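Structural overview
One letter stands for each residue in the lines below.
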Amino acid sequence: MSFEFAVPLARKDLLKRTSDTQYVVEEVLTIRQINTQIHGLKAAFRSGPAAILENFDLIYSVLSQLNEVETEVKEEVWTLLVKAVSQHASQLPALLDTADFDCSTRLQHLNTLKMTTYLLTQFMEAFEAEDTKPTTVTVTKGRKSKKKTVKGDWDWEGERLRAVQSLSQVVQLEIGRLWEPPVVEEEFVNMVANCCYKLLENPSTCKEKGTKDAVFHLLGTLVRRYNHGLGASLKIIQLLQHFEHLASPMAQMVELFAQQFSAKSVISDIMREIGRMDPSKLVRDNSGTRSYAAFMVELAERVPALMLPNISVILCHLDGESYTMRNGVLGVMSEIVIKELSKGDLDTKGKSARDQFLDCLEEHIHDVNAFVRSKVLTLWLHICNEKAIPLGRWHQLLCLVVGRLQDKSSLVRKVAIQLLTTFLTSNPFGAKLPLDVLKAELEKESARLEEIMPEQPQDQPQDGRPVEEEWSAIQPEVMTALQDLQEEEEEEQELIGEEDGLESVVMRVKTLLQQSQHKSAARLVMSAREAWPDEHVFLPANTGSGEEEEKEEDDNELQPDQKNLLEILEAIFVGTTVDAPLPNPEEVVPASLQEGSTVTEEGASEVAAAEAEEGEEGGVVNEVSKQQVIVQYLKDSVNFATQMQRAIPILCQLLGSKATSDILETIEFFVSAFEFGLAGAMEGVRRMLVLIWSGEKSVKEAVVEAYKRLYLSPTGGNLRARNLAVVKNLTALTVGATVGELTSLEELICELVRTSLLSSGVVTLLWERFALKIQGTTGEDSRGALLLLGMAAGAEADIVRSNVDVLVQEGLGQRGQEDMQLARDTCTALLKLAGSQKRKAGCHEEPLRFPADHDMFTGLANILVNGVENLANPYWIPLMEQGLNVVYRLSETPDVVIGNIIKGVVTIVLQAREAESAQKQAKEPESAETPEEPPASPAKIIRCSSGVLSRLLALAGHCALRQLVHLDVALTGELKRRRMLQEERNCKAGRKGNTSANNTPSSTPAGKGKDDKEMSMEDEMGLAGASADDAEAEYIRKICEKEVVTGSSLLALLAPVIVAVCANPTMFPHPQLRATASLALAKYMLVSSEFCEAHLQLLFTILEKAPQPIIRANTIIALGDLSFRFPNLIEPWTPNLYARLRDDSSHVRKNTLMVLTHLILNDMLKVKGYISDMAACMVDEVSGIADLAKLFFLELSKKGNAIYNIMPDMVSRLSDPDCGVTEENFRSIMKYLFSFIQKDKQSESLVEKLCHRFRATRTERQARDLAFCLSMLSLSEKGVRKLQENFTCFGDKLGSEDIHNSFCTILKKAKSFAKPEVKALVDELEQRIEQCHNKGMSDDETLQKASKARPTGKKGAQTPGKGLQKGRTPGRRRRGRQASRKQDSSSEDDGPNHPPTQGEEHPAKRGMKGKKQKAGKKKTVSLSSDDESDIELFDVNEGTTAGEPDGESDQENADPRPNVTPIRRAKGRKHSKKHISSAAEDSFSEATPVK
C-alpha cells in the first residue's frame, strides 16, 4: 500500500495533496452516482472492514452532501460504518498479539482504523448537530415538548450508544503498535475526544445514564492510556464556560478519572487553570463563573481528599470581585470540612486546616455582598446539620449569626433565622434550655467543685507567677535541648509502659523539667502525644507567659513541631492544664444531660453512680476532673441559652417585617424555642397571634399551623386526656393576655372552629371546666374556659345557644355575684347570640330576643344593684357596660329592664344619703370635705357616696348611649324588616290577583287602562315605602331629641345631677367621680343636639380646665364622636380642639392627634390653617406622637392636592417667631412635607407664592425659612424662570449667608439637570445672586462702620421704611388684623370665655369686610374656688356690647358662641348617621374613667 491516511483538521483538507504518500479524495460523487453505487458498497463491505480503503471516496461523498442524501442511504452508510468499526476491533487483537508483522499489513490496518474512525466520528457529529437543531414545534402551555428522534427503525439515541461503545472497544486495544514509532498520534486521540465532547454538549446526552457513562469511560481511557489528561483539563474548562448544564456531569467525570483511571493530576490542572483566571473577566461572564463555582463545589463533595491539596490555588478568588466565585470557594471549604476534616482521628495539621477554613467562613459572614453573606450562612447551616461544628466555636458563631438578624437584606435575615433554628434543634446541650434552671444548677455544681478542689500549697501563690518566672529562666535551656534533640538520632525505646496512665506521665514530665532533664521530658511528651493524640493536654496552647513579641522572636529559631513541643512543655510546667487530665464529657456527664434534659437531682445521682463505678475500675479519672467537666458543660449550656435569649427581642421585631420570608422563618423559630423551653419564647408566641389578621394567606396558615403544633397536638393518654391537655393549653393563653391579644386569640379560635381543628370533645370539656365539674378547676380556669367558649361562638353561635341556661345559671347566678369578672365574661359570651348588628340585605330572619323576666336579665339586675356599693371591686363598671349591651341586644323590652336597674341603683344612693344625714344629726356637724381628719364612719359614708354616685352616673351615661344605638340601629332595622315582609306579602297577593285577572280574556281598551292603573298604584306603593323610611327616621330622631335625655324620662331626671357634678369641681373633687361624670355628659350629648348645644361650652371647659389628664384625654375622644354626630355644632369650636395638641400631657396630645386625624381624613373637618399645629407634632418629644403625625401627612398626601394647598400658610405659621417652632424643628418638618411635592406645576406655583412672601417677612429668620423651603423644591425650567421673574422679591435678602447658601443649593440642583438652553438662564441668575450677596455684605460692613463712628443718632432721624408706618395701606391693615386674630386664637388661655376663631378661610367670614357684628348673649361656666360654699352653676351676662368695625372688638373675641349660624353640611349629616353607633361604641370603650 503506497499511501497513508492522515487525520485532517478540516474536512476539506482531504481534497488537497500536501505530500506524495498522503491519501486524497479524487472525486466527490453526485447524488445520482451515490444512489447507483450504494449497492456495490454493501457488497464490498461483506468482505470485511478493509473495503473502506477502496470505497472511502463514496462514503466521503455521502458525508459531504449529508443534508441532500436520502435518509435510507444515510442509515445504510451509518450501519456499515458501525459494523466495520466493530469488526475491525474484533480483528485487531489477533494481529496485535503477534510478535511481528510486516509493514504493509500494519499500514493497511492503520489506514483502515483511521478511515473508519474518522468517518464514524464525523457522522456522529453530523447526526448530533441535526438532533440538537432547534425546531418550530409549538410548545403547549404546562407541558414540555420533547422532540422525537425515532423515525421508523432509526433510533438515534440507541445508535449513538452503539457508536460510543464501538469506539471504546477500539481504544481499549493496544493500537499504539500500528504506529511507527508505537505511539498513537495526538490527532487521532483528539479526533475521538472531540467527538465525545461534542456529544456532551447536548443536554439530553447527559440525562441518559448509559450514553453518559460510556462517554465518560471512553474519555477516561484516552486520559489514562493516551496522555489526554492536559487536553481534557483545558477542554473541561472550555465546556464549563459555555455550557452551564455540564457543571455536575463534568464533576462526575473528573471523579471517575481520579478514582477509576488514576488520573488525579486532572484535578490539579483544572484547579490551577481556574486559579489563574482574571477576576475582571469572571465578573463579566457570570454564566461561566456560576458553572465554575458549581463544578468546584460538587467536585469537593465527591472527592474532598483530592481537593484539599489543591484549594490553595483558588483562594485568591476570595479577594476577587466576583461574588459567585467567592461563593464557590467557600462552598469547597465547607464540603472539605464536612467530608474530610470532621473525623475524630484528625492530626494536628488536619485540625489546623479545619480551623483555618472555619475562620474564613466566619469572616465572610460580614462580606460586602448580600449574596455571599446568605450563602455563607447556608453553608454554616449545612455544616451544623452534619454536626461538624466544633463545640468551641458555638458561642462565637452564635454571636455572629444573631448580628445578621438585623441585616438589610431579607435573604440574609431569612437564612440567619433558619440557622438559629437549626442551632436550637441540633444543640449538644439539652432538649430543654430554661436559663434560670441552668444558672441555678451551674451555681450548685460550681459550689460543689470548690468544696472538693484540693487546696494549693502555700509556697505557690494562686496566680502562679513564681512558676512562670521559673519557666522563663529555664526556657532557653529547653529550646537548646529541643534543637539538640532534632540533630540526634531517634532511639526506639518504650518510655511509656502499659500500666502508665495519663496523669502519671504528666507528672513525670513536670518532674523531669524541674530536674533539668529537658531532653528526656521532650521525648516523653512525644511518646505521650502518640499514645494519646486526642488529649487536650498534648495540644499546643498559648499560656501567655512573657511578652508576645519576645516569644515570637525566640520561637523563630525553632521548627513548627519544636514550637508545639515547647508550648506543651510550658503548659505542663506552669500548670495551665489540670494536673489530672479531663475525661471525655460523654463518659462523665450523666445520661440525662447527654439526652438533652436539664440537670436534676436524678442526674446528680447518676454522676455519683458513675464516679463509684470508675473508682471500682481503678481508673485515673478522679472526682475533681469529672466535676470540672460538668461545670464546663453547664457553662457552655448557659452561654448558649443566653445568646438565644439575646436574639428573641430582635426576632419579635421581625414578626412585623414587610418580608413574608422573615415572618415565616421567625414563626418556625419561636415554635422550636417554645418546645425547647427557651426563656422568652412565650413572648414571641403571643406576638404571633396578631399575625392571624395578616392578608398573606401563607402567614395566616403558618400561624394556625404553629398553634396547632404547640397547643392542639398533645401526645400520650386516651382521647379525653388529650382533649383536656388541649383545654389547659388554650386556657393558659388567656392568662395575662392584653385586649389586643385576646382579640387576636378570638380570631384564631374562630379559624380553628371553621377548619374543624377544635373538636367537639374539647368544647364539651370547656363547658365542664366552666361549670367546675372537673376536679381541681380554679375560678381563673373557669373564666378562661368561658372566654374560649365565647370566642368559639363567634364562628358557631350554636355552641352558646345550646347551653344558655347553663351559662346564665353559672355566670349570672350566685357565682356571678361573687365574681364580677365571670359575670362580665358571661355577658360577652351571651352577646354572640345576637350576631352582628349590621343585618344582611334581604335577610328577613327574626332576631333572637328573650322576655324581660328571663333569668338572664333578673340575675344581671341583681348583680348590678347589689354590687353597686362594693367599691373594692373594680369590675362593676365593665360588667355594667357589657350587661347593658346584653339587655339592649337580647331583651324584647330593654326599657323595662334598664328602668328597674336604674331605679334600684338610685334607691341605694338615696339610702346612703339618708344614712349620711342621720349620722350628721347624731354627731357634731363637720364638713366632710375639709382637709382635717374627720371621724371614721362619716368619712367612709362620704367616700362610698362618691363611688356609688360615680357608678350611677356611669350607668346613666351608658344607658343613654345604648338607647341611642337601639333606636337608631336595632329599632330602625326591625321596622324595615317588618315593612319588607309586608311588602312581600302584598306582592304575592298582587301577583295572585293578576294571575286570576289575566285568565279572563279582555281585548278592550278598558282592560289596558286597568293595567296602567295597577302599575301606577305599584309605583305609589314604592314611593310610599320611601316616604315611610323618612317618616320613621324623623320619628326616631324626634324621640332622641325630645324624650331620651330631655323631657321627663328617667334618664332626663338624672341629667341635672351629671351637669352639677361636671360644673362644680369644688363640691365634687373626687377624680373618679369627675371622670365618670364627664363621660356621662358626653354620652348624653351624643343623643340630643338640643342637649349638646346647651352644654357644649361646659364640655370644652372640662377639656381645657380639668386638672386630670385622663379626663381631658377622654373628653377629646368624646368630642371626636360629637363631630361625627353633630358636625355643625362642633365646627365653631375647632380651634379649641387644635389647642389640645399643645397640652402638657402626652396622652392628651396623642388622643387629640388621633381624633383630628380621623376627622380630617374622613372629610368631617376642613384642613384649615390650624393644621400647622399638627405639623408641629412631627417634632414632638414623644416618638409615638411624632410617628402618628408623619403617618397623618402621608395619608393626607394621597388626597389630591391637599398638601400643596396648605403649604404656603403652614410655612408662614411655623416660621412666625411668636407662635412657631424653632428653626431646627422647622427645617425637619419642611424636609418631610416637601417630599410630597412632586409635580412640576405645584413646584412652579409654590416658587411664585414663596417669593412673594419675602416682602412680608418681619425678621431675618422668616426669610431664612422661606429660602430653605425654596431649596427643598426640585425646579424645572419653568420654575427657574419663575425664580428669575420674582428676583426683586428676595434680592435684598441675599446679604445673609444662610439665605445665600440656600439659593446656591437651588442653583446646584438646577445645573444638574438643566438643558443647554436653560444653563444660560441659570448662569444669569447665579450672577445676579452673587452681585446682590456681595452688595449686601458691603452694605452691612458700611452700616457697622457708621454705627461705630456715630453711636447715637439724631432725634428726628428715621431708618428707611419707618416713615411708611403712617401711611398704612389696606393690605397692611388687613394683615395686622389677621396677625392679631391669629395671636388671639393661638393663645392657650382663651378657654371657654373666648370664642373659637374662624380664621380667614371660614365661609362665614367671606364677604363681611367693613360690616359690623353684634355680640350675642353668652353663658359662661364659672368654676368656683375652694373658699366658696354656694355654687353658681351658670353666670348669665345680659349685657351686650356694640360691635366695632372690622371685627377688632375685644367683646367679639370674648364671644363664645358667634351669632353667625354655620351652614349645615349635608355630607357631614349623612356621615354622622352612618357612623353614630360604631364610632360612639368604639371610642367610649377606650375612654374609661380612672379606677
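Rules used in this analysis
Residues numbered from 1 in each chain as written. Predicted model: local features only at pLDDT ≥ 70, side-chain atom pairs only at ≥ 80, totals over all residues. Heavy atoms only, no water. Helix = DSSP H or I, 4+ residues; strand = E, 2+ residues; numbered from the N terminus. Buried < 20%, exposed > 50% of the residue type's maximum accessible area, 1.4 Å probe, protein only. Contact = heavy atoms within 4.5 Å. Areas by Shrake-Rupley, 256 points an atom, 1.4 Å probe, with all protein chains shown as cover. Salt bridge = Lys/Arg side-chain N within 4 Å of Asp/Glu carboxyl O. Expected span 1.5 Å × (residues − 1). Core = buried A, V, L, I, M, F, W, Y, C linked by side-chain atoms within 4.5 Å. Phe/Tyr/Trp six-rings, centres within 6.5 Å; stacked < 30°, edge-to-face > 60°. Lys NZ or Arg CZ within 6 Å of the ring centre and 35° of its normal. Polar contact = N/O pair within 3.5 Å; in protein donor to acceptor, adjacent residues only side chain to side chain.

Along the backbone of the chain there are 65 helices and four strands. Evaluated residue by residue, the chain yields a buried proportion of 47% over its 1491 residues. Expressed as a percentage of contacts within the chain between residues at least 6 apart in sequence, the contacts between residues at least 24 apart total 75%. By element, 49% of the accessible surface of the chain is carried by carbon and sulfur atoms, the whole surface being about 75600 Å².

Here we come to the pattern of salt bridges. All told, the structure shown has 58 salt bridges when counted by the stated rule. Where glutamate 340 meets lysine 343, a salt bridge forms, and the shortest distance between an N and an O atom there is 3.8 Å. Aspartate 359 is paired through a salt bridge with arginine 393; the nearest N and O atoms lie 2.5 Å apart. Residue aspartate 359 is found in helix H16 (residues 348–363), and its partner arginine 393 is found in the loop between helix H17 (370–385) and helix H18 (394–403); the two are separated by 34 residues along the sequence. Connected through shared salt-bridge partners, Glu1223, Arg1227, Glu1260, Arg1264 and Asp1298 make up one network.

A separate point is helix H25 (residues 560–574). Under the 1.5 Å per step criterion, the end-to-end length of H25 is 21 Å for 15 residues, consistent within 8% with the ideal 21 Å. For H25, a buried count of 11 out of 15 residues is recorded, marking the element as mostly surrounded by other parts of the structure. Those residues of H25 that sit buried are Gln562, Leu565, Leu566, Glu567, Ile568, Leu569, Glu570, Ala571, Ile572, Phe573 and Val574.

Looking at the element boundaries, threonine 1152 is found in helix H52 (residues 1146–1161). If sequence neighbours within four positions are ignored, threonine 1152 has contacts with Ile1116, Leu1137, Arg1140 and Leu1141.

Let us look at the environment of valine 887. Structurally, valine 887 is set in helix H42 (residues 876–890). Accessibility expressed as a relative area gives 0% for valine 887, which makes it buried. Sequence-wise, valine 887 and leucine 860 are 27 residues apart; in three dimensions their C-alpha atoms are separated by 9.1 Å. When neighbours within four sequence positions are excluded, valine 887 is seen to be in contact with Arg849, Phe857, Leu860, Pro894, Val897 and Ile898.

One finds Phe56, Phe295, Phe423, Phe1193, Met1230 and Phe1303 to be the most contacted residues of the largest nonpolar core, which totals 373 residues. Among the elements that make up this core, the one with the highest residue count is helix H29 (residues 623–654) (14 residues). Residues in contact with phenylalanine 56, not counting those within four places in the same chain, are Phe5, Leu14, Tyr23, Val25, Met115, Tyr118 and Leu119. Val467, Trp471, Val478 and Phe573 belong to the second-largest nonpolar core, a separate cluster that totals 25 residues.

Tracing the backbone shows valine 415 in helix H19 (residues 410–425). A sequence separation of 247 residues divides valine 415 from aspartate 662, and the C-alpha atoms of the two residues are 9.1 Å apart. Look past the residues within four positions of valine 415 in its chain and what remains in contact with it is Ser374, Leu377 and Thr378.

Another point: unusual backbone geometry. Backbone torsion omega between glutamate 180 and proline 181 reads 0°, so that peptide bond is classified as cis. Counting through the fold element by element, proline 181 comes out in the loop between helix H5 (156–171) and helix H6 (186–200). With a phi angle near 55°, serine 262 is a residue other than glycine that sits in the positive phi range. Position of serine 262 among the secondary structure elements: in the loop between helix H10 (247–260) and helix H11 (265–275). Residue classification places serine 262 among the exposed residues on the basis of a relative accessible area of 60%.

Moving on, we get to H11. Across the 11 residues that make up H11, a large majority, eight, are buried. Looking at H11, one finds that the buried residues are Val266, Ile267, Ser268, Asp269, Ile270, Met271, Ile274 and Gly275. Contacts made by the buried residues of H11 are with helix H8 (209–225), helix H9 (229–242), H10, helix H13 (286–302), helix H14 (304–307) and helix H15 (323–339).

Another point: the packing of aromatic side chains. One pass over the structure, following the stated rule, counts 29 aromatic pairs. Consider the rings of tryptophan 394 and phenylalanine 429, whose centres lie 6.3 Å apart with planes at 80°: the pair is edge-to-face. Of the two residues, tryptophan 394 sits in helix H18 while phenylalanine 429 sits in the loop between H19 and helix H20 (435–452), which places them 35 residues apart along the sequence. Each member of the pair, tryptophan 394 together with phenylalanine 429, is buried. Centroid distance phenylalanine 1290 to phenylalanine 1303: 4.5 Å. Interplanar angle 20°. Geometry classified as stacked. Here phenylalanine 1290, found in helix H60 (residues 1287–1290), pairs with phenylalanine 1303, found in helix H61 (residues 1297–1313); they are 13 residues apart in sequence, far enough to count as distant. Accessibility assignment for this pair places phenylalanine 1290 and phenylalanine 1303 in one class, buried. Over the aromatic face of phenylalanine 770 sits the side chain of arginine 815, whose NZ or CZ is 5.8 Å from the ring centroid. Cation over ring: arginine 1213 sits above tyrosine 1170, and NZ or CZ is 5.8 Å from the ring centre.

Here threonine 777 is to be found in the loop between helix H35 (760–770) and helix H36 (779–793). Its relative accessible area of 16% is what places threonine 777 among the buried residues. A distance of 2.8 Å separates a polar atom in the side chain of threonine 777 from the backbone oxygen of isoleucine 774. In this structure, threonine 777 is in contact with Arg769, Leu772 and Ser782, ignoring residues within four places of it in sequence.

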